[in-house]
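Commentary on secondary and tertiary structure
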Amino acid sequence: MERVGKMELQKVASYTYAVEPAEVNAQGELPLTVLAQRILETATFHAESWAVGYSTLIQNNQAWVLARLAIEMQAYPRIGDTYVISTWIEGYNKHFSARNFEFAGKDGRIYGYARSIWSVIDMQTRTSADLTTFEYLAERISDKECPIERQSKLKPVQGEPLLAYPVQYSDIDLNRHVNSVKYIEHMLDSFTLQQYDEKYIKRFEINYISEARYGMDFKIYRNELDADIFAIDIKNNEDEAVCRGKVTFIPRR
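One structure accompanies this document, and this report is about it. (Residues numbered from 1 in each chain as written. Predicted model: local features only at pLDDT ≥ 70, side-chain atom pairs only at ≥ 80, totals over all residues. Heavy atoms only, no water.)

1. Examining the nonpolar core
- One finds Phe103 and Tyr183 to be the most contacted residues of the largest nonpolar core, which totals 63 residues.
- Looking at this core, the element that brings in the most residues is helix H1 (residues 32-49), giving nine residues.
- Those residues within four positions of Phe103 in sequence are excluded, and the remaining contacts are Leu35, Ile39, Ile71, Met73, Val84, Ile85, Arg109, Ile110, Tyr111, Gly112, Tyr113 and Ala114. (Core = buried A, V, L, I, M, F, W, Y, C linked by side-chain atoms within 4.5 Å. Buried < 20%, exposed > 50% of the residue type's maximum accessible area, 1.4 Å probe, protein only. Helix = DSSP H or I, 4+ residues; strand = E, 2+ residues; numbered from the N terminus. Contact = heavy atoms within 4.5 Å.)

2. Overview of the pairing of strand E4 (residues 82-92)
- With eight of its 11 residues buried, E4 lies for the most part within the structure.
- Pairing analysis gives six bridges linking strand E2 (residues 13-18) to E4, with the strands arranged antiparallel. What sits directly across from Ala18, in E4, is Thr82.
- For E4 and strand E5 (residues 97-105), the ladder comprises nine bridges, and the chain directions are antiparallel. When the bridges of E5 are listed, Val84 appears paired with Ala104.
- In this structure, the hairpin formed by E4 and E5 is closed by a connection of four residues. (Pairing = 2+ DSSP bridges.)

3. Some thoughts on the pairing of strand E3 (residues 62-73)
- Most of E3 sits out of view: nine of its 12 residues are buried.
- Inspection of the sheet shows E3 paired to strand E6 (residues 110-122) by 11 bridges, in the antiparallel sense. From the neighbouring strand, Met73 faces E6, where its bridge partner is Gly112.
- Looking at chain direction, E3 and strand E8 (residues 199-208) are connected through five bridges and run antiparallel. Residue Leu69 lies in a different strand from E8, and its bridge partner there is Ile206.

4. Structural notes on the side chain of Lys235
- As for its position among the elements, Lys235 is in strand E10 (residues 229-235).
- Lacking a salt bridge, the buried Lys235 has Asp233 as its closest oppositely charged neighbour, with an N-O distance of 4.4 Å.
- Separated by 3.3 Å, the side chain of Lys235 and the backbone oxygen of Val157 make a polar contact.
- Excluding anything up to four places from it in sequence, Lys235 contacts Val157, Asp217, Phe218, Lys219, Tyr221, Glu240, Ala241 and Val242. (Lys, Arg positive; Asp, Glu negative; His and termini not counted. Salt bridge = Lys/Arg side-chain N within 4 Å of Asp/Glu carboxyl O. Polar contact = N/O pair within 3.5 Å; in protein donor to acceptor, adjacent residues only side chain to side chain.)

5. Describing empty space enclosed by the protein
- Enumeration over the complete set of coordinates arrives at one cavity of 30 Å³ or more.
- Empty space within the largest cavity amounts to approximately 30 Å³.
- Forming the boundary of the largest cavity are Ala36, Ile39, Leu40, Leu66, Leu69, Ser180, Val181, Ile184 and Tyr208.
- Contributing elements (two or more residues each) for the lining of the largest cavity: H1, E3 and helix H4 (180-188). (1 Å grid on protein atoms, 1.4 Å probe; cavity = no way out; pocket = protein on both sides within 12 Å on 5 of 7 lines; lining within 4 Å. Points joined across faces, edges and corners; volume = space filled by probe spheres on them.)

6. Details of the pattern of salt bridges
- Applying the stated criterion to the full structure yields 14 salt bridges.
- Arg252 is the salt-bridge partner of Glu29, the closest N and O atoms lying 2.7 Å from each other. Here Glu29, found in the loop between E2 and H1, pairs with Arg252, found in the segment after strand E11 (241-251); they are 223 residues apart in sequence, far enough to count as distant.
- Across the pair Glu211 and Arg126 runs a salt bridge, and its minimum N-O distance is 2.2 Å. With Glu211 in the loop between E8 and strand E9 (217-226) and Arg126 in the loop between E6 and helix H3 (135-139), the pair connects residues that are 85 residues apart, well separated along the chain.

The following block contains the structure:
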């Protein structure tokens, strides 16, 4: 991974990655789960360059937490491709900060965009911090365009569970709750390999509702809203949603 330029004062930061053979999916593309991981890394690198990343906030027992994510792709980088992720802050209020992303090839080709919503929480009380006290945000908002729709409000999924599994060691992150990308992985595993051979994910949305921890049992509920559009809930032992997702497929050309 390569960082482009001096990031300290840049409102838009860019980072370059290469698609390695070991990380591609069965279709030879960068998987959505790895792209989501790169989104988290890019946001972290940019925040660290402003001295408001994990290493700084944790001194006050605080951390950034991802609340919502929407990714919309025209195509995915393939094995051996180099791609650039650019990120910037669109705006913020007392509780949430909106951070956007652009995915492009080295030749300028646009693969897609993402929108994300973040909050800062106290690691002990699990309450959110007042972002209006983060004075740097007002100075570093960018007017760069993000042409995809904003995250939608996802409705509960009804019916019988499609899959069930226990939360295990590999699901847990530094904060000792389920890693943000693991929820995405479990949602996408509810579809078959044949479906991915025939179609790719045009748009993916996820809303994180509550924390899930080691020892819980998960159930996945899925409804087809329309042709190739699916709503997904992951629920805990009490049948309460811990996150909601929406997946839109499109046929491969």
